[in-house]
Amino acid sequence: MFHSTTSRGLTLAEIGHHRLRDSPFAGRGQTGRITLAAVVLRPRGKARVAVAALLAAVAAAAAGCGTASAYADPPAAVGTRAPAVAAAAPLPLAGKIVGIDPGHNGRNHTDPSFLNHQVWNGREQEDCDTTGTATDGGYTEALFNFQVAGYLRADLIKDGARVVMTRTTNDGIGPCVNQRASIINASHADVAVDIHADGAPSWGRGFTVLEPVADGPNDRVIASSARLAADVRAAMLTGTAMPVSNYDGKDGTKLRDDLAGLNLTTVPKILIEAGNMKNPADAAMLTSAAFQRQVAAVLLRAIVMFLR
Ligand SMILES: [Zn+2]
């Protein structure tokens, strides 16, 4: 993520909002809404109960990844008061604020002087940001980060969260890493994730979850961030085929004291390096929408577990 690889030839207009809504949970959310609407509008009597039970069963079958209870009541609970039961089911992240920092930005490479200006990262001065890395085929890390963030944002909103993003397009420059931390801190988020992919030697494979080290500003979120890191690591291993890194950290996690996003955070936060863009096997995964959706689903599941 800190390698200064210049991005090449990317059509940024490809990032349409419709794609960002194309998440692994779109079907589940739609099913949930259809269930509620159908139950409310059905006529009285046995037909309504039968239809409600059927729709609830469909919703339960369609739900996935640990949040089924928010969308589908157990069939036994449907009964003759299905509308009231369905309406009362709370979303798992209702009232929660989640910060997402998609690392870098799609046009960072166009302004080296901006990127190189020095900012305080909690321990020392460092560059405002970098371009991020890219695959050998030219797929940029900035785009990967942004795609995963978009899928995750949609998933979080469906589960009732309010989402704070450090950038909302992939065709801009910045903000600097310290500003990204400030945006999320100011939102008083309950939890936050920094999304990256690495640019390591091509033989290296796998993901690493980076955790903060106490330095003053982040003192009160060290233990909680470690717990979040464990949740994300476990969810990655069960929710994707990406292995733990064979070149960085230990068994998928690593303490880092040189990153503004972790040094300056006042909310529980981790940074995930979801794979190595310079490794052909990892790159094939990182550039696929299917894997990007999986990473978003993993982060959603870890966040729900963390906030439970
Ligand atoms: Zn990065």
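Residues numbered from 1 in each chain as written. Predicted model: local features only at pLDDT ≥ 70, side-chain atom pairs only at ≥ 80, totals over all residues. Heavy atoms only, no water.

A. Just the packing of helix α7 (residues 141-158) against helix α12 (residues 289-307), in detail. Put simply, α7 and α12 touch, their axes get as near as 8 Å, and they point 50° apart. In terms of orientation, α7 lies oblique with respect to α12. Considering the relative orientation of α7 and α12, their crossing is right-handed. On the side of α7, the interface is formed by F144, Q147, V148, Y151, L152, D155 and L156, while α12 contributes A289, F291, Q292, R293, V295, A296, A297, L299, L300 and I303. Across the contact of α7 with α12, the residue classes tally to 13 nonpolar, 2 polar and 2 charged. (Axes fitted to C-alpha atoms, helices over the stretch in contact; angles between N-to-C directions. Helix = DSSP H or I, 4+ residues; strand = E, 2+ residues; numbered from the N terminus. Parallel < 35°, antiparallel > 145°, perpendicular 65-115°, else oblique. Left-handed = near helix turned anticlockwise from the far one by under 90°. Contact = heavy atoms within 4.5 Å. Nonpolar A, V, L, I, M, F, W, Y, C, P; charged D, E, K, R; others polar.)

B. Just the coordination of the zinc ion, in detail. Coordination of the zinc ion by the protein involves H104 (NE2), E141 (OE) and H196 (ND1), with metal-donor separations of 2.1 Å. Here the donor residues for the zinc ion map to a single chain with the spacing H-x36-E-x54-H. Of this pair, H104 sits in the loop between β1 (97-102) and α6 (112-116) while H196 is found in strand β5 (residues 191-198), placing the two residues 92 residues apart along the sequence. (Donors = N, O, S within 2.8 Å, 3.2 Å for Na, K, Ca; no water.)

C. Layout of the nonpolar core. Residues F144, L152, L156, I195 and V232 are the most contacted members of the largest nonpolar core, which totals 43 residues. For this core, the secondary-structure elements that each account for two or more residues are β1, α7, β4 (162-165), β5, α9 (222-239), β8 (269-276), α11 (280-286) and α12. Setting aside residues up to four positions removed in sequence, I195 forms contacts with I100, D101, P102, G103, F144, N145, V148, A149, L152, I272 and L299. Listed in part, the 7 residues of the second largest apolar core include V119, C176, A181 and A260. (Core = buried A, V, L, I, M, F, W, Y, C linked by side-chain atoms within 4.5 Å. Buried < 20%, exposed > 50% of the residue type's maximum accessible area, 1.4 Å probe, protein only.)

D. Focus on the sheet that holds β4. Strand order in the open sheet formed by 6 strands is β4-β1-β5-β8-β6-β7, and the pairing between neighbours is mixed. Each end of this open sheet is capped by a strand with a single partner; those strands are β4 and β7 (253-256). Here the average twist between neighbouring strands, direction ignored, is 25°. Across the sheet, α7 lies against β1, β4, β5 and β8, angled at about 150° from β5, the strand it touches most. Relative to the sheet, helix α8 (residues 177-186) contacts β1, β4, β5 and β8, its axis offset from that of β1 by approximately 170°. (Pairing = 2+ DSSP bridges.)

E. Summary view of α8. For α8, the complete set of buried residues consists of V177, R180, A181, I184 and N185. Each buried residue of α8 sits inside an arc of 130° when the element is viewed along its axis, so together they form one side. Here the buried face of α8 lies against β1, β2 (118-120), β3 (125-127), β5, α10 (260-263) and β8. (Arc of directions from axis to C-beta.)

F. The arrangement of α7 in detail. Taking 1.5 Å of rise per residue, 18 residues should cover 26 Å, and α7 covers 26 Å from first to last C-alpha, within 8% of that figure. With 15 of its 18 residues buried, α7 lies for the most part within the structure. Positioned one or two residues after α7, G160 has a phi angle of 100°, which is positive. (Expected span 1.5 Å × (residues − 1).)

Everything listed here is a matter of coordinates, which is why it stays silent on function.
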